[in-house]
Every structure is written in structure tokens, then in C-alpha cells.
Amino acid sequence: MYRFLLTPRWWGINLFVVLAIPFCVFMGTWQLGRFEDRVQTHDAAEKQPAPGTRPAKPIDELLPVDKVTSGRPATATGRYADQFLVPGRELDDKSGFYVLNMLRTDSGKALPVVRGWLPGKPGSTAVPAAPTGEVTVTGDLQASENAGTAGVDTAGGLPDGQLGMISAASLINLVPYDVYDAWVTLQDTGAGAGSGADSGSGDKAAGALRPVPAAAAQGTGLDLKAFQNLGYTGEWFVFAGFVLFMWFRLVRREAEAARDLQLGLVEEEEASEAAAESGQGESKDAVGSGTV
């Protein structure tokens with residue numbers, strides 16, 4: 001009765017099932033592993049002291065930025081150079097912009113320093129002047145932004161003096177010196193946001209800069225992506241079960257058609273048509289189920 005499983009048509013069906021089920025199980029297991037990795041990373045980060053409470057270290061000792069060094073206080077000494085305004089950044093659900101200055105260090109490289117945040121739009125809000133002379137800054141270390149970072153403007157076309165993404169890749173085209181592949185955000189924005197003999201108090205007519213909180217390193221929290229991994233896990237296992245279920249249904253209908261033919265309840269031509277219609281019906285069911 002089940003000799004039809006050895007026909008060329010069923011060899012194709014069986015091969016598809018044999019390949020599809022392990023693939024779905026593998027993908028589901030992989031997505032589950034990604035979710036578990038994020039949970040473990042989150043638990044490890046929760047057990048560690050807050051990055052901002054750790055002792056400050058020179059910027060060169062904390063690079064490259066990773067899940068451990070992200071958020072750590074970093075120190076650097078130099079002189080402020082070019083200034084850029086980073087529009088479209090929110091703080092406490094208010095729209096505003098970052099004030100970013102390039103700190104030229106003795107090594108020749110420049111460190112992007114976010115001195116703080118101001119509400120409004122660049123050009124319509126007065127910006128406090130950066131300190132002059134040599135300064136030593138201490139700020140929370142952050143990795144360079146990318147296209148997936150919240151608030152980043154990748155459309156381009158910004159006016160001169162404005163920046164859509166804080167990254168070495170975008171800054172290297174705007175300044176004539178090397179740039180660190182990282183940046184820091186100052187948590188002490190008062191008194192010129194730096195210490196030095198020539199540090200000024202800034203423009204008194206300008207608004208007070210507000211500190212920009214350091215963002216958690218990517219992949220260290222139970223964010224939406226983590227639960228997406230968990231959802232994809234369920235989907236792949238459901239797909240595996242669906243493939244197996246449809247195979248059993250096709251086998252049962254084909255076996256019923258073969259049994260009816262053997263008992264003489266239907267003619268051979270009718271049995272072949274019934275088997276073909278059964279296969280077409282199952283295919284339509286599969287397509288319909290896949291679009292729900």
C-alpha cells in the first residue's frame with residue numbers, strides 16, 4: 001500500500017522533508033542560542049559595577065571599545081578644536097542637539113567630546129563656548145555610532161558645522177587630522193566642561209549644557225532584538241512541525257487512494273486524479289497557512 005513512497009514524485013517530496021526539518025530545527029536552535037547569549041550577557045552586566053562608578057583611565061588604555069569598556073570613565077588631555085552640532089537628538093522626550101568638540105591630544109589624534117545637550121534646533125539656540133587652552137576631560141566612553149543607532153541621521157545634506165553620526169568614519173572627512181574610533185560624553189558640563197589653566201566659564205548668554213547619559217553597549221540588554229530571537233525560535237520550530245504534519249497528511253490521503261483502488265472502489269484513472277487533486281489541495285493549504 002505504501003509502495004507509492006518509492007515513486008519519483010514521492011522521492012522529491014521525501015527529500016524536501018528530510019532537508020527542511022533539520023534546517024528548521026537548526027535555525028530554531030541557533031536563534032535560541034542567540035537569545036540565551038543575550039540573557040547571559042545581560043546577567044553578567046547586572047552583576048558588574050556600573051561602568052560610570054569605576055576609576056577613570058586614559059583613553060588609550062580602554063580602546064577598542066567593547067562590552068566591558070563601554071561606559072567606563074575615560075580621561076584625555078588636549079585642546080579643543082573644531083566644533084560640530086549633532087541635530088535630532090532627544091533627552092527626556094525633548095528634541096534638541098548635541099554639542100560636540102574635537103579634542104586634539106598630544107598624540108595628534110582627536111577625541112570627539114560631547115560637551116552636552118541643548119534643546120531646540122542648531123542655529124536658533126546659543127551654544128556655550130568651549131574652554132580655551134589645554135584641558136583635561138573625563139567622560140563616559142562610547143563606541144562610534146552606526147546607521148542603527150537611535151537618533152542618527154544618515155540622509156545627509158546637513159548644513160556646515162552639523163553632524164548626523166558620531167563616528168570616525170564620518171568625522172575623518174570633515175577634519176584634517178586623525179580621529180579616535182570612539183567618543184566620550186561629559187557628565188560634568190559646568191565650569192567650561194574641562195579643567196585647565198585657561199578654561200573659561202563659557203558664554204553666559206547661552207543656555208546651560210545638560211549631560212548626555214552614556215548608552216549601554218549593544219547586545220548587553222534584553223532589548224527588542226533579544227525577544228525577536230525568541231520569537232524566531234518559535235517560528236522555526238513551528239515550521240518544522242508544519243512540514244512534518246503536511247507530509248503525514250499527504251501520505252494518508254495517498255494511502256487511502258491506493259486502498260480504494262485495491263478494493264476496486266474506484267478505477268485506476270480516478271484514483272490517480274484523486275491523488276493529484278489531493279496533492280494540489282495540500283499545496284494550496286500550505287500556501288494559505290503560510291500567508292496567515
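Residues numbered from 1 in each chain as written. Predicted model: local features only at pLDDT ≥ 70, side-chain atom pairs only at ≥ 80, totals over all residues. Heavy atoms only, no water.

### Looking at the overall build of the protein
Inclusion rule: Runs of H or I in DSSP of at least four residues are treated as helices and runs of E of at least two as strands, each being numbered from the N terminus. Buried residues are those whose accessible area, probed at 1.4 Å on protein chains only, stays under 20% of the maximum for their type, while exposed residues exceed 50% and partly exposed ones sit between those limits. Whether two residues are in contact is decided by their heavy atoms: any pair within 4.5 Å suffices. Accessible surface is estimated by sampling points in the Shrake-Rupley manner with a 1.4 Å probe; for residues, cover comes only from the protein chains shown.
Looking only at helices and strands, the protein features 4 helices and 6 strands. Counting from the amino terminus, helix and strand elements in the protein follow one another as α-β-β-β-β-β-α-β-α-α. Relative to its 292 residues, the protein shows a buried fraction of 35%. Of all intrachain contacts in the protein linking residues separated by at least 6 positions in sequence, the fraction that spans at least 24 positions is 69%. When the accessible surface of the protein is summed, it comes to about 16,700 Å², and 57% of that surface belongs to carbon and sulfur atoms.

### Here's the deal with the packing of aromatic side chains
Applicable threshold: Whether two aromatic rings pair depends on their centres lying within 6.5 Å, for rings of Phe, Tyr and Trp, where Trp uses its six-membered ring; planes under 30 degrees apart make the pair stacked, over 60 edge-to-face, and the rest tilted. Our definition puts a charge over a ring when NZ of Lys or CZ of Arg is within 6 Å of the ring centre and also within 35 degrees of the ring normal.
In total, this model carries 4 aromatic pairs according to the counting rule given. Judged by centre distance (5.8 Å) and plane angle (90 degrees), the rings of Trp 236 and Phe 239 are edge-to-face. Note that Trp 236 and Phe 239 are positioned in helix 3 (residues 224–262) at a spacing of 3 residues, about one turn of the helix. Measuring from ring centre to ring centre gives 5.1 Å for Trp 247 and Phe 248, while their planes differ by 75 degrees; the resulting arrangement is edge-to-face. One aromatic cluster in this structure is built from Phe 23, Trp 236 and Phe 239. When the ring centre of Tyr 177 is taken as reference, the NZ or CZ atom of Arg 104 above it lies at 4.1 Å. Seen from the ring of Tyr 180, Lys 109 lies directly overhead, with NZ or CZ sitting 4.5 Å from the centre.

### Section: the environment of Asp 153
Which entries qualify depends on this criterion: Residues adjacent in sequence count toward polar contacts only when both atoms are side-chain atoms; beyond that, a polar contact is any pair of N or O atoms within 3.5 Å, and within protein one must be able to donate a hydrogen and the other to accept it.
Residue position: Asp 153 is located in the loop between strand 5 (134–142) and helix 2 (168–171). Distance in space between the C-alpha atoms of Asp 153 and Gly 164 is 4.5 Å, their sequence separation being 11 residues. Dropping the residues within four chain positions of it, Asp 153 is found in contact with Leu 158 and Gly 164. In this structure the side chain of Asp 153 is engaged in a polar contact, spanning 3.0 Å, whose partner is the backbone nitrogen of Ala 155.

### Things to note about the nonpolar core
The cut-off we apply is this: In this description, a nonpolar core means a group of buried Ala, Val, Leu, Ile, Met, Phe, Trp, Tyr and Cys residues linked to one another through side-chain atoms lying within 4.5 Å.
Within the largest apolar cluster, 18 residues are counted, with the highest numbers of intra-cluster contacts made by Phe 84, Tyr 98, Leu 100, Met 102, Val 114 and Ile 166. Dropping the residues within four chain positions of it, Val 114 is found in contact with Tyr 98, Val 99, Leu 100, Ile 166, Trp 183, Val 184, Thr 185, Leu 186 and Val 212. Counting 15 residues, the second largest nonpolar core, distinct from the first, contains Leu 103, Val 113, Val 135 and Val 184.

### Details of the side chain of Gln 162
Note on placement: Gln 162 falls in the loop between strand 5 and helix 2. We classify Gln 162 as buried; its relative accessible area is 18%. Ignoring sequence-local partners within four residues, the contact set of Gln 162 consists of Leu 85, Pro 87 and Pro 122.

### Digging into the confidence of the model for the protein
Short version of the rule: Per-residue confidence from the predictor is given as pLDDT, running between 0 and 100.
Considering every residue of the protein, the mean pLDDT works out to 81; 75% of them sit at 70 or more. Taken together, the stretch residues 282–292 has pLDDT below 50 and engages in 9 contacts with residues farther than four places along the chain or on a different chain.

### Quick look at the pairing of strand 2 (residues 73–91)
Quick note on the threshold: If DSSP finds at least two bridges between two strands, the strands pair.
Alignment of strand 1 (residues 57–58) against strand 2, held across 2 bridges, turns out to be parallel. Across the sheet, Lys 57 pairs through a bridge with Ala 74, a residue of strand 2. With 7 bridges joining them, strand 2 and strand 5 adopt antiparallel strand pairing. For Ala 74, the partnering residue across the bridge sits in strand 5 and is Gly 139. Adjacent in sequence and paired antiparallel, strand 2 and strand 3 (residues 94–105) are bridged by 2 residues, among which Asp 92 carries a positive phi angle near 55 degrees.

### Focus on the pattern of salt bridges
In plain terms, the rule: For salt bridges, the criterion is a side-chain nitrogen of Lys or Arg within 4 Å of an Asp or Glu carboxyl oxygen.
Applying the stated criterion to the full structure yields 2 salt bridges. Among the salt bridges present, the one from Glu 145 reaches Arg 89, with a minimum N-O distance of 2.9 Å. With Glu 145 in the loop between strand 5 and helix 2 and Arg 89 in strand 2, this residue pair connects regions lying 56 residues apart in the sequence. For the pair Glu 145 and Arg 89, one class covers both residues: buried. Note that Arg 210 is salt-bridged to Asp 92, the shortest N-O span being 2.4 Å. Taken together, the positions of Arg 210 in the loop between strand 6 (183–186) and helix 3 and Asp 92 in the loop between strand 2 and strand 3 put the pair 118 residues apart, joining distant regions of the chain. Judged by its relative accessible area of 53%, Asp 92 falls in the exposed class.

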